[in-house]
Amino acid sequence: MFPQVKEFFIDDDTFTANSKRAEETAKLIGRLGITWSTSSRANVPYGTLKVLRESGLRLLMVGYESGSDEILKNVRKGVSTDMARKFTKDCKSLGIAIHGTFCLGLPGEDRQTIEQTIQYARELDPDTIQVSLAAPYPGTEFYKQAVQNNWLTPADLVSQNGTQLCALRYQQISAEEISKGVDRLYKKFYFRPKVMARIAIQMTKDSQVRKRRLREGKEFLGFLKQHHQEKPKQESTLRHVLRDGGPGFCQFAITDACNASCKFCNFRREVSSERKYVSFDDIKSAQETLAKNGIGYIAYIGGEPTMHPQLAQIIRHAKSLSMTTIICTNGSMLTSERINDYIDAGLDSAIISIDAPSVEVHESNRGIEGLCEKIAQANMIMHFAGIETTASVTLSKLLGDLSDLPEFLESLDFHQVTFSYPLKTLGSSFRSYSDSELIDYTDDELVQAFDNVIKMKQRFRVVNPTASLREMQRFVKREKQQFPCLAGFKYFYLDWNLDLYRCHAWPKRMCSITDFDSSKLIRDGCTKCMIDCYRDASVLHEVGIALYDAKNCLTCGRPDKALARIFNSATFQAAKSVLEEIKWIKKI
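Residues numbered from 1 in each chain as written. Predicted model: local features only at pLDDT ≥ 70, side-chain atom pairs only at ≥ 80, totals over all residues. Heavy atoms only, no water.

Q: Whenever I open this one, the overall build of the chain confuses me. Can you help?
A: A tally of helices and strands in the chain yields 22 helices and 15 strands. Going through the 588 residues of the chain one by one, you find that 52% of them count as buried. For the chain, the proportion of contacts with a sequence separation of at least 24, taken over those separated by at least 6, is 71%. For the chain, the computed accessible surface area is about 28,200 Å², with 52% contributed by carbon and sulfur atoms. (Helix = DSSP H or I, 4+ residues; strand = E, 2+ residues; numbered from the N terminus. Buried < 20%, exposed > 50% of the residue type's maximum accessible area, 1.4 Å probe, protein only. Contact = heavy atoms within 4.5 Å. Areas by Shrake-Rupley, 256 points an atom, 1.4 Å probe, with all protein chains shown as cover.)

Q: Can you help me understand empty space enclosed by the protein in this one?
A: Using a probe with the size of a water molecule, rolled over the atoms, empty space left in the structure can be pinpointed. One pass over the full model with this rule turns up 2 cavities of 30 Å³ or more. Surrounding the largest cavity, Cys485, Ala487, Arg502, Cys503, Cys526, Thr527, Lys528, Cys529 and Arg535 form its lining. Split by residue class, the lining of the largest cavity holds 5 nonpolar, 1 polar and 3 charged. Roughly 40 Å³ of internal volume is contained in the second largest cavity. Lining the second largest cavity we find Ala42, Gly63, Tyr64, Ser66, Leu72, Lys77, Val79, Ser80, Ala84 and Tyr120. Looking at the lining of the second largest cavity residue by residue, the classes come out as 6 nonpolar, 3 polar and 1 charged. (1 Å grid on protein atoms, 1.4 Å probe; cavity = no way out; pocket = protein on both sides within 12 Å on 5 of 7 lines; lining within 4 Å. Points joined across faces, edges and corners; volume = space filled by probe spheres on them. Nonpolar A, V, L, I, M, F, W, Y, C, P; charged D, E, K, R; others polar.)

Q: For this particular structure, what's the right way to read the pairing of strand β4 (residues 97-104)?
A: Regular strands place side chains that alternate from one sheet face to the opposite one. Counting buried positions along β4 gives 8 out of 8 residues, so the element sits mostly inside the fold. Neither face of β4 is left uncovered, since the one carrying Ala97, His99, Thr101 and Cys103 and the one carrying Ile98, Gly100, Phe102 and Leu104 both have all their residues buried. Both strand β3 (residues 57-65) and β4 contribute to a ladder of 6 bridges, which runs parallel. Bridged to Met61 within β4 is His99. Relative to strand β5 (residues 128-133), β4 runs parallel, the two sharing 6 bridges. Bridging from a neighbouring strand, Leu104 pairs with Leu133 of β5. Chirality of the crossover, the property in question, places the unit of β4, helix α5 (residues 111-124) and β5 among those that are right-handed. (Pairing = 2+ DSSP bridges. Right-handed = clockwise from strand over helix to strand, strands pointing away.)

Q: What should I look at first to understand the pattern of salt bridges in this one?
A: Pairing of side chains with opposite charge becomes possible as their charged atoms draw close. Tallied over the entire structure, the rule returns 29 salt bridges. Because the salt bridges share partners, they merge into one network encompassing Arg523, Glu542, Asp549 and Arg565. (Salt bridge = Lys/Arg side-chain N within 4 Å of Asp/Glu carboxyl O.)

Q: Can you help me understand helix α17 (residues 443-456) in this one?
A: In an α-helix, one turn spans 3.6 residues, which is why side chains three or four residues apart end up on the same side. End to end, α17 covers 20 Å across 14 residues, agreeing with the expected 20 Å (1.5 Å per residue, within 8%). For α17, the complete set of buried residues consists of Leu446, Val447, Ala449, Phe450, Asn452, Val453, Ile454 and Met456. (Expected span 1.5 Å × (residues − 1).)

Q: Where do I start with the sheet that holds β4 in this structure?
A: Neighbouring strands of a sheet are bound in pairs by backbone hydrogen bonds; such pairs are parallel or else antiparallel. As summarised here, the arrangement of the 5 strands in space is β1-β2-β3-β4-β5, forming an open sheet in which the pairing is parallel. Because the sheet does not close on itself, it has two edges, and the strands there are β1 (8-10) and β5. For this sheet the average axis-to-axis angle between neighbouring strands, irrespective of direction, equals 20°. In the packing of helix α7 (residues 175-190) onto the sheet, the strands contacted are β4 and β5, and the crossing angle to β5 comes to about 175°. (Axes fitted to C-alpha atoms, helices over the stretch in contact; angles between N-to-C directions.)

Q: For this particular structure, what's the right way to read the packing of aromatic side chains?
A: Working definition: an aromatic ring pair is given by the centre-to-centre distance plus the angle between the planes. Enumeration over the complete set of coordinates arrives at 16 aromatic pairs. An angle of 40° between the planes, with centres 6.4 Å apart, marks the rings of Phe489 and Tyr548 as tilted. One end of the pair, Phe489, is in the loop between α18 (466-476) and β13 (491-494); the other, Tyr548, is in helix α19 (residues 532-555), with 59 residues separating them in the sequence. Ring geometry for Phe492 and Phe516: centres 5.4 Å apart, planes at 65°, overall edge-to-face. Within this pair, whereas Phe492 is found in strand β13, its partner Phe516 is found in the loop between β15 (511-512) and α19, the two being separated by 24 residues in sequence. An aromatic cluster is defined as three or more aromatic residues linked by ring pairs; in this entry it consists of Phe267, Phe430, Tyr493, Trp496 and Tyr501. Above the ring of Tyr441, the side-chain terminus of Lys397 is found at 5.2 Å from the ring centroid. A cation sits over an aromatic face here: Arg502 above Trp506, 4.0 Å from the ring centre. (Phe/Tyr/Trp six-rings, centres within 6.5 Å; stacked < 30°, edge-to-face > 60°. Lys NZ or Arg CZ within 6 Å of the ring centre and 35° of its normal.)

Q: In this structure, what is going on with the sheet that holds β13? I would like to understand it.
A: Here 10 strands make up an open sheet; going across it, the order is β12-β11-β10-β9-β8-β7-β6-β13-β14-β15 and the pairing mixed. Edge strands, defined here as strands with exactly one partner in the open sheet, are β12 (461-462) and β15. Across 6 bridges, strand β9 (residues 349-354) lies against strand β10 (residues 388-394) in parallel orientation. Note that in β10 the partner of Ser353 across the bridge is Ser392. Here α19 sits on the sheet in contact with β6 (248-253), β11 (416-420) and β13, set at roughly 155° to β13.

Q: Sorry, what's going on with the side chain of Glu388 here?
A: Topologically, Glu388 is positioned in strand β10. Overall, the relative accessible area of 8% leaves Glu388 in the buried class. A polar contact of 2.4 Å, which involves the side chain of Glu388, links it to the side chain of Gln416. (Polar contact = N/O pair within 3.5 Å; in protein donor to acceptor, adjacent residues only side chain to side chain.)

Q: Teacher, can you tell me more about the pairing of β13 here?
A: Of the two faces of β13, the one lined by Tyr491 and Tyr493 and the one lined by Phe492 and Leu494 are each fully buried. Bridge count for β6 against β13 is 4 bridges, and the pairing is parallel. Paired with Phe249 across the strands is Tyr491, a residue of β13. As paired elements, β13 and strand β14 (residues 499-501) share 2 bridges and run antiparallel to each other.

Q: Looking at this model, I keep getting lost on helix α21 (residues 569-580). Mind explaining?
A: Here α21 contains 12 residues, and its C-alpha end-to-end distance of 16 Å stays within 8% of the 16 Å for a straight helix at 1.5 Å per residue. Listed as buried for α21 are Ala570, Thr571, Ala574 and Ser577. For α21, the arc enclosing every buried residue in end-on projection is 115°, short of the 170-degree limit, so these residues lie on one face. In α21, those exposed residues whose orientation departs by more than 90 degrees from the buried face are Phe572 and Leu579. Taken together, the buried residues of α21 touch α18, α19 and α20 (559-566). Of the residues flanking the start of α21, the one acting as N-cap is Asn568, its side-chain oxygen 3.1 Å from the backbone nitrogen of Ala570. (Arc of directions from axis to C-beta.)

And the structure:
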């Protein structure tokens, strides 16, 4: 009757509800010699599945819904996660393909249950998945429940471009977070080597499957793109640069507590008797002040910032202000649960400290057993989630000539490294310094150390710009420097007392964060210190500042000064540095 039809789909949500009926119907279909698929609950016994498979069944569309048994009870699913696990195992043993469907936003949903569903989907590993948002359609019992409990948002159920919108919010989770969970579940499920390889093999075996998969892939990427397009457009980088020189960067020490014992740091647990944690309310207020004053990037430092019990909430608040968030950590507390909390909150990047090119020496200096294994595991999880990580290595006598460092960093799953420069004293409240013999370099030794870093660029991605490393050599040699530091103008240090400094080295604070505004900015061409996070960043920022200065010169009717500001050696070297590090810059 249908010679061109290769498969039939029986659209019946209750097809497998009665096992006897399902088996009898399947046998009748089997006599026709056709391939077919249908919907199913995740509780069909093995015997029935076997009859269906022998009768031509290829695929079941299965409503798993959630990885939380509590949510499944709330919606009266009648199937537990353990029942679904056995059902899935039976299907796979019989060769029955599964299209698993999941639903986020059902009553009882929170950040933890979304994470449970993501892990559940990955564990079950159906052939394909579909993720939807719980939809309280008017006239349904769910709608009445949502109205009674004030769960409804003003949003429509569907956007103008046809994608679902989350029309529900709960006390413990917002509609936006639920909606983001859909994207995250898709990405965490499909962007796995195992799944990508499985799809690729299927495509090579069957041209029709290949066409269908390519079409589905295009639709899937289009779906993700539509979700991103629904976000409000941000100001372009060039426009921001011309307006005020580009976004600023603040290093925020949210605690002075540390759990490590690094020998070249005075935050170490043996020295640090204080344990100050900035309150969440004060951090929220500080972040709002920073954002209002053009700070687009914020790095959480310490001490050890992951010791702050509310770091995830802190990150989430910064993201609500459209700030790019970075944590600088020793990695000791990066459990999978914490990492997922930080990812859900919107973490953009992580910088993890490494002291030596071997497990034994690094863990000995840090005083934390098993640290390297934790770092490798953390890197794997964050890379999978699209979070960029960078090793931060302080130049010290523990490193030797750096020849062994690339291989060690690769073993910990690092893809790039940034070097911090040795500091014996600092003027601000920041205590990441020490008069240790491990960083006791002569000028000639330090110049050689910078040469070693430049040489390492041939083997491993080093994100310190070459121009900045040469600048640091000029600093050590007391030669004229090319790049003025932007600390106090675009880069800042905020401590646990909420005092704002232009940088770690400067002894006098700028002001309290509560008093910070544009009138407090400092731009005096300082080149007095050797702190990588200010000096390196200033080199990369020089191009933007040159454009900003040139625009101001043109506004004042001085095109000659505008051209001179752009066309000079420092700006040219800075432009080369940006091109050198463009891959890393884009990722953060």
